[in-house]
Each structure stands twice: as structure tokens, then as C-alpha cells.
Amino acid sequence: MEINKIYNEDCLLTMNKMDNDFIDLTVTSPPYDDLRTYNGYSFNFEKIAKELYRVTKPGGMVVWVVGDSIKDGSESLTSFKQAIYFKEQCGFNIHDTMIYQKAGPRFPEKIRYAQIFEYMFVLSKGKPSTTNIIMDRPNKWAGWTNWGNNAHRVKTGEMKAVKDAKRYKKFGSRFNSWPPLEVMDEEDILYYISTGMKYEARLNVSVYANGFGFGTKDKSAYKHAAIFPEQLVEDHIITWSNRKNLVYDPFMGSGTTAKLAILLDRNYIGSEISTEYASGAIGRIQDVEHSRGILMDEFEIASKKRLDEENNFQSEVSEKVNDITRKDKWQPDAPNKSM
Ligand SMILES: C[S@@+](CC[C@H](N)C(=O)[O-])C[C@H]1O[C@@H](n2cnc3c(N)ncnc32)[C@H](O)[C@@H]1O
């Protein structure tokens, strides 16, 4: 079957052409809960879920981004029903239940906290074969030992400094709730202006951005009502796949997964049932076809920079420990309270 192509058809037809154990990673967001009609197309969740399992390689992953709507005053729980189906009826492992925090709520809420996130279920077919965990979270306790200065109780009961105590590194791995950008989007600002309120009810997680101009710089992509932020797709592709792997999106929409697969030097396949969206996606990715590998190069440079910083930091710490700890104890300055 031809790869690096977006198929304008029902994803069940595309998967029907695939051999068993064909795809390394799927990153996708299905249409859900009639929140949007997407030109009137619907989908057969159970069949698609089983097909996804069949076409995923052993050790391969599926990232399924989904939220819930409120029906008759109560959450639909479609997200969890689907996750349970993936596990109990298809055979996937639920490797991680991650949170994608958005910039702002779509609708004001009066009787519950404003809905601000979607789930990102990370499914694996057996033990994951690729887990490139991104280490870019600055560790505010960098250089400190986990129990402070004097962590060793001697026979007299007195606490003394531990020799060769393990110190926190400069960078830690991320947590599993991912905010893409720390700014409000246009929609969010309009929401606050329209309510005329200085203070609003708290959100049910915290504030980050996705909307117009932030999720992608490609203006044409916004013809689609529900595009992924590019950063979200980039982070998942980097984490769960390697260069030249095959990445699939059964609900390709505006083409975000294909675009990021190209920029991260992966191959891709997409399905999009709407002719209007499929041709928009094809147009969008034509512009990036010649840029294969560019983002990956940038990512590798950034990772190398962090590694150098980490190594410099570690040698600085060891020098200080050698000079000062011998006389007893040393800790770096405590982190700023506002961090
Ligand atoms: C949530 S949107 C995906 C948006 C996409 N993640 C992006 O960044 O643009 C879901 C898409 O699935 C498409 N769709 C719905 N049913 C489908 C099916 N059975 N097969 C393929 N695509 C389908 C809709 O037309 C819609 O564009």
C-alpha cells in the first residue's frame, strides 16, 4: 500500500488495505459526542478500535485524544467508555492517561467548574518498543539532596550529612499533563471580555493555549473546526516513535499529524472522509514535503544543549561538594518560592 499519502475515504477502508502489524504509531482525535458534525460524517468506534489493534505493530502505540460533552446535565463519559473498550475488547494496554490542557473553556459554566481539558489515552500493543521520554522540565530542586542536608541518623540519634547523597538533576522528565503554550488565545480573551467579570470561577486544571494563531501558524488549517496544536503532535511523535517509522491518523482533519510526521522525518498515512478537509490537508502538507527532518534536527540540538547544561551543572555541583561538603554540608540556594 502506498505510504506518505492522505486517503480521502472512511478510515475502515484505509485500514482494510493494511497488513497486520503495519503501523508504528497512531496519533489521532476522533469526532466525538456530536459536538461538531464535521460535514455530517460519523464513525463506527468499535470496528475502528479493533482494526487499529490489528494494524498496530507489537510494541506500537496509539494516542487517542478525546473529551466528553455534557448530555442531560451530566458528562457523557465517552472518553472512559472508549478507553475501557480499547483495553477489554481490543487487547491494548492503557500505557498512560494524559491530560491536554487547553487555553480556555469553550462555554461559560455556571454550575460546575469550566471544562478545560481533554484526555490523551496512550495505548500500547504489548510492551511499548519506543519511549523517548522528553527531559525538558527544569527541576526547581536541582542540586539538592532528597532529604535536605542532614539525612543520616547516627547511633547517637544525631542527623549527619550523607556522603555521596543523590542530588536532583537540572532537568527532569515531564509530568503527564501537557500544556502547550503559556498564553491565552483570542477566544479565551473574548470570553473574559464578554462575561465582563474580573474574577471568574476557577478552571478545572489551569490556563494554557491552543486557538487561532497559536495551535499552528498555517492559517488555512483553521477552516477545520477542531485542529490539534502542532506542539501536542510533535511531542507524541518524538516520544513514541523513531525516525522513518510509520505514523497513522485515521481522522486526519486539517493534516496536522502528517505535517509533523514529515518535519520529524517519519513516514505517514492519513484517512479523511470529507473531501473538503482531505484536499485542505493535502494542500497544507505539500508545502512541508521538502522539509523532512528539520524539526527533528532542532529537537536534537535542543536535547544536546540540555545534556551539556546538565553535565556542566553536575561538575559544578561535584566541585562544590568536594570543596565544601568535606567540612560538612552543602546545599545550593533554595528555589524561589514563586517557582
Ligand atoms: C477531530 S477531527 C480531527 C482533526 C485533526 N486532528 C486536525 O488536527 O485537524 C475528526 C475528523 O475525522 C473525520 N472523520 C469522521 N469520520 C471519519 C471516518 N469514518 N473516517 C475518516 N475520517 C473521518 C472528520 O471529517 C474530521 O475531519
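Here is what the cut-offs are and how they apply
Along every chain, residues carry numbers that run from 1 in the direction the sequence is written. Totals for whole chains, interfaces and linings use every residue, but because this is a predicted model, local features are given only for residues with pLDDT of at least 70 and side-chain atom pairs only at 80 or more, for both listing and counting. Helical segments are the DSSP runs of H or I of at least four residues, strand segments are the runs of E of at least two, and each set is numbered from the N terminus. Buried residues are those with 20 or more other C-beta atoms within 10 Å of their own C-beta, exposed residues have 12 or fewer, and partly exposed residues lie in between; C-beta atoms are placed from the backbone. A pair of residues counts as a contact when their C-beta atoms, built from backbone coordinates, are separated by no more than 7 Å. In predicted models, pLDDT denotes the confidence assigned by the predictor to each residue on a 0 to 100 scale. Put simply, a nonpolar core is buried Ala, Val, Leu, Ile, Met, Phe, Trp, Tyr and Cys residues tied into one set by C-beta atoms within 7 Å. The rule for pairing is simple: two strands pair if DSSP sees at least two bridges between them. The definition of a right-handed crossover adopted here requires that, viewed with the strands pointing away, the path from the first strand over the helix to the second runs clockwise. Note on geometry: axes are lines fitted to C-alpha atoms, helical ones only across the stretch in contact, with angles between N-to-C directions running from 0 to 180 degrees. Here the word oblique covers every angle except those under 35 degrees (roughly parallel), over 145 (roughly antiparallel) and from 65 to 115 (roughly perpendicular). Left-handed is the label given to a crossing in which the near helix is rotated counterclockwise from the far helix by less than a right angle, and right-handed is the label when the rotation is clockwise. Classes in brief: Ala, Val, Leu, Ile, Met, Phe, Trp, Tyr, Cys and Pro nonpolar; Asp, Glu, Lys and Arg charged; the others, Gly included, polar.

**Examining the overall build of the chain**
Regarding its fold elements, the chain presents eight helices and 14 strands. With 339 residues in all, the chain has 31% of them scored as buried. Contacts spanning at least 24 positions in sequence make up 75% of the contacts within the chain whose residues lie at least 6 apart.

**Some points on unusual backbone geometry**
Positioned with a positive phi, Asn-4 is a non-glycine residue whose angle comes to about 55°. For Asn-4, the position within the fold is in the segment before β1 (5–7). Here Asp-265, not a glycine, exhibits a phi torsion of approximately 65°, which is positive. Here Asp-265 is to be found in the loop between α6 (256–263) and β14 (267–271).

**Let's talk about the environment of Leu-52**
If you trace the backbone, Leu-52 turns up in helix α2 (residues 45–55). Classification of Leu-52 by C-beta neighbours within 10 Å gives buried; the count is 24. In this structure, Leu-52 is in contact with Thr-26 and Val-62, ignoring residues within four places of it in sequence.

**Topic: the confidence of the model for the chain**
Low-pLDDT portions of the prediction should not be read for the details of their coordinates. For the chain, mean pLDDT is 80; residues scoring 70 or higher make up 72% of the total. Taken as a whole, residues 180–186 scores under 50 in pLDDT and shows 27 contacts with residues more than four places along the chain or in a different chain. A low-confidence stretch, residues 188–209 (pLDDT under 50), is modelled with 43 contacts involving residues beyond four sequence positions or located in other chains.

**Quick word on the nonpolar core**
Counting residues in each nonpolar core, the largest one holds 50 residues, and the members touching the most others are Val-63, Leu-123, Ile-237, Val-247, Ala-258 and Ala-261. The greatest single-element share of this core, amounting to six residues, is contributed by strand β3 (residues 56–66). In this structure, Leu-123 is in contact with Met-61, Val-62, Trp-64, Phe-86, Phe-92, Asn-93, Ile-94 and His-95, ignoring residues within four places of it in sequence.

**Some thoughts on α6**
Counting buried positions over the eight residues of α6 gives eight, a clear majority of the element. Buried within α6 we find Thr-256, Thr-257, Ala-258, Lys-259, Leu-260, Ala-261, Ile-262 and Leu-263. Positive backbone phi, approximately 65°, marks Asp-265, located one or two places after α6.

**With respect to the environment of Lys-244**
Relative to the assigned elements, Lys-244 resides in the loop between α5 (230–240) and β13 (246–249). Setting aside residues no more than four positions away along its own chain, Lys-244 makes contact with Asp-265, Arg-266 and Asn-267.

**Details of the pairing of β14**
Burial analysis of β14 places four of its five residues in the buried class, the great majority of the element. Summarising the sheet, β1 and β14 pair through three bridges and their orientation is parallel. By the bridge assignment, Lys-5 is partnered in β14 with Ile-269. As judged from the four bridges shared by β13 and β14, these two strands associate in the parallel manner. Following the sheet pairing, Val-247 is matched in β14 by Tyr-268. Crossover handedness for the path β13 to α6 to β14: right-handed.

**Some thoughts on the packing of α5 against α6**
Two packed helices can be described by the angle between their axes and the distance between those axes. For the pair α5 and α6, interaxial distance at closest approach is 9 Å and the crossing angle is 50°. Considering their axes alone, α5 and α6 lie oblique with respect to each other. Crossing of α5 against α6: the hand is right-handed. Of the residues in α6, those in contact with Glu-230, Val-233, Glu-234 and Ile-237 of α5 are Thr-256, Thr-257, Leu-260 and Ala-261. For the contact of α5 with α6, the per-class residue count stands at four nonpolar, two polar and two charged.

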